[in-house]
Amino acid sequence: MSLTIQDLEKVQQQFPEYRMELLQGNIVVMSPSGYESDEVAASMIAKLYNWVKPRQLGRVAASSAGFRLPNSDLRSPDASFVLAERLRRSPKSFAQLAPDLTVEVKSPNDDLEQLRVKIREFLALGTRVGILINPDNHTVEVLYPEKEPIILHDGDVLTVPDLLPGWEVQISDLWSPEFD
């Protein structure tokens, strides 16, 4: 039996403390992320928001924002950006489009290949750029449709010129600080 977004909404009402996605007609319960990975995601969201908001380029959302995708899946990336002309107003419920930029941050229990598959699915459905952040080895993969991924390390600079002209993030600035 294939479930729908309406089915997901009913289950979500019964279990509001759980984050869920709808993937190929199945409800997937998302486990909580680790502290470090969530801190890295928050850092990325802050960097995106602080660039996008004053320039009114679009909308930045965190992991609880759901996207109702053209294939009827409901997915929630760790961070996302949608151009202003594609989403003039924030929807009360799910955005019915693929974000222009999707970001996934590897948590301790995540499988890197599954995260890559999720990003590639977004790319196949209209997302223009996917970013996979791996706090374990301090790497960032930038994925585009039909191109080889770009791998960035500490010392490199992340840019997304087609979506965020002028935006630059030092890879080393993404990681959780250490207080000695």
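Relevant structure appears above.
Reading the values: rules and limits
- Residues numbered from 1 in each chain as written.
- Predicted model: local features only at pLDDT ≥ 70, side-chain atom pairs only at ≥ 80, totals over all residues.
- Heavy atoms only, no water.
- Buried < 20%, exposed > 50% of the residue type's maximum accessible area, 1.4 Å probe, protein only.
- Helix = DSSP H or I, 4+ residues; strand = E, 2+ residues; numbered from the N terminus.
- Pairing = 2+ DSSP bridges.
- Contact = heavy atoms within 4.5 Å.
- Salt bridge = Lys/Arg side-chain N within 4 Å of Asp/Glu carboxyl O.
- Core = buried A, V, L, I, M, F, W, Y, C linked by side-chain atoms within 4.5 Å.
- Axes fitted to C-alpha atoms, helices over the stretch in contact; angles between N-to-C directions.
- Phe/Tyr/Trp six-rings, centres within 6.5 Å; stacked < 30°, edge-to-face > 60°.
- Lys NZ or Arg CZ within 6 Å of the ring centre and 35° of its normal.
- Polar contact = N/O pair within 3.5 Å; in protein donor to acceptor, adjacent residues only side chain to side chain.

This brings us to the pairing of strand β9 (residues 139–143). When you tally the buried positions in β9, you get five out of five residues, the bulk of the element. Residues Thr-139, Glu-141 and Leu-143 of β9 are buried on one face, and the alternating residues Val-140 and Val-142, pointing to the opposite face, are buried as well. Looking at chain direction, strand β8 (residues 129–134) and β9 are connected through five bridges and run antiparallel. Residue pairing across strands places Asn-134 opposite Thr-139, the latter belonging to β9. What sits between the antiparallel neighbours β8 and β9 is a turn of four residues, in which His-138 has the positive phi angle 55 degrees.

Positionally, Val-129 belongs in strand β8. Classification of Val-129 by relative accessible area gives buried; the value is 0%. Each C-alpha atom, one on Val-129 and one on Leu-143, is 5.8 Å from the other, the two residues being 14 residues apart in sequence. When neighbours within four sequence positions are excluded, Val-129 is seen to be in contact with Asp-100, Leu-101, Thr-102, Leu-123, Val-142, Leu-143, Tyr-144, Val-160 and Leu-163.

Looking now at the pattern of salt bridges. Applying the stated criterion to the full structure yields seven salt bridges. Salt-bridge contacts for Lys-118 lead to Glu-104; the nearest nitrogen and oxygen are separated by 3.1 Å. With Lys-118 in helix α3 (residues 112–124) and Glu-104 in strand β7 (residues 101–105), this residue pair connects regions lying 14 residues apart in the sequence. Comparing Lys-118 with Glu-104 shows no difference in burial state: the two are buried. The salt bridge partner of Arg-120 is Glu-113, with a shortest N-O separation of 3.1 Å.

On to the nonpolar core. Among the nonpolar cores identified, the biggest contains 30 residues, and Ile-131 and Ile-133 are the most heavily contacted of them. Among the elements of the structure, α2 (35–55), β6 (79–83), β7, β8 and β9 are those that each provide at least two residues to this core. Counting residues per element, this core draws most heavily on α2, at seven residues. Here Ile-133 is in contact with Val-40, Met-44, Val-103, Glu-104, Val-105, Lys-106, Thr-139, Val-140, Leu-174 and Trp-175, once residues within four sequence places are set aside. Phe-67, Leu-69, Val-82 and Leu-87 belong to the second largest nonpolar core, which has eight residues in total.

Reading across the sheet, the six strands line up as β3-β6-β7-β8-β9-β10 and stay open at both edges, with mixed pairing between neighbours. Single-partner strands in this sheet number two, and they are β3 (58–62) and β10 (150–153). Averaged over all adjacent pairs, the angle separating strand axes in this sheet is 15 degrees, with direction ignored. Bridge analysis of β6 against β7 gives three bridges, and the strand direction is antiparallel. Within β7, the position partnered with Ala-79 by the bridge is Val-103. The strands touched by α2 within the sheet are β3, β6, β7 and β8, with β3 carrying the most contacts at an inclination of about 165 degrees. Its contacts with the sheet place α3 against β7, β8 and β9, and it is angled at close to 165 degrees to β8.

Moving on, we get to the packing of aromatic side chains. Applying the stated criterion to the full structure yields zero aromatic pairs. Sitting over the face of the ring of Trp-51, Arg-55 holds its NZ or CZ atom 3.3 Å from the ring centroid. Seen from the ring of Tyr-144, Lys-147 lies directly overhead, with NZ or CZ sitting 5.0 Å from the centre.

Attention shifts here to the side chain of Lys-106. Mapped onto the elements, Lys-106 comes out in the loop between β7 and α3. Side-chain polar atoms of Lys-106 contact the side chain of Asp-136, separated by 2.9 Å.

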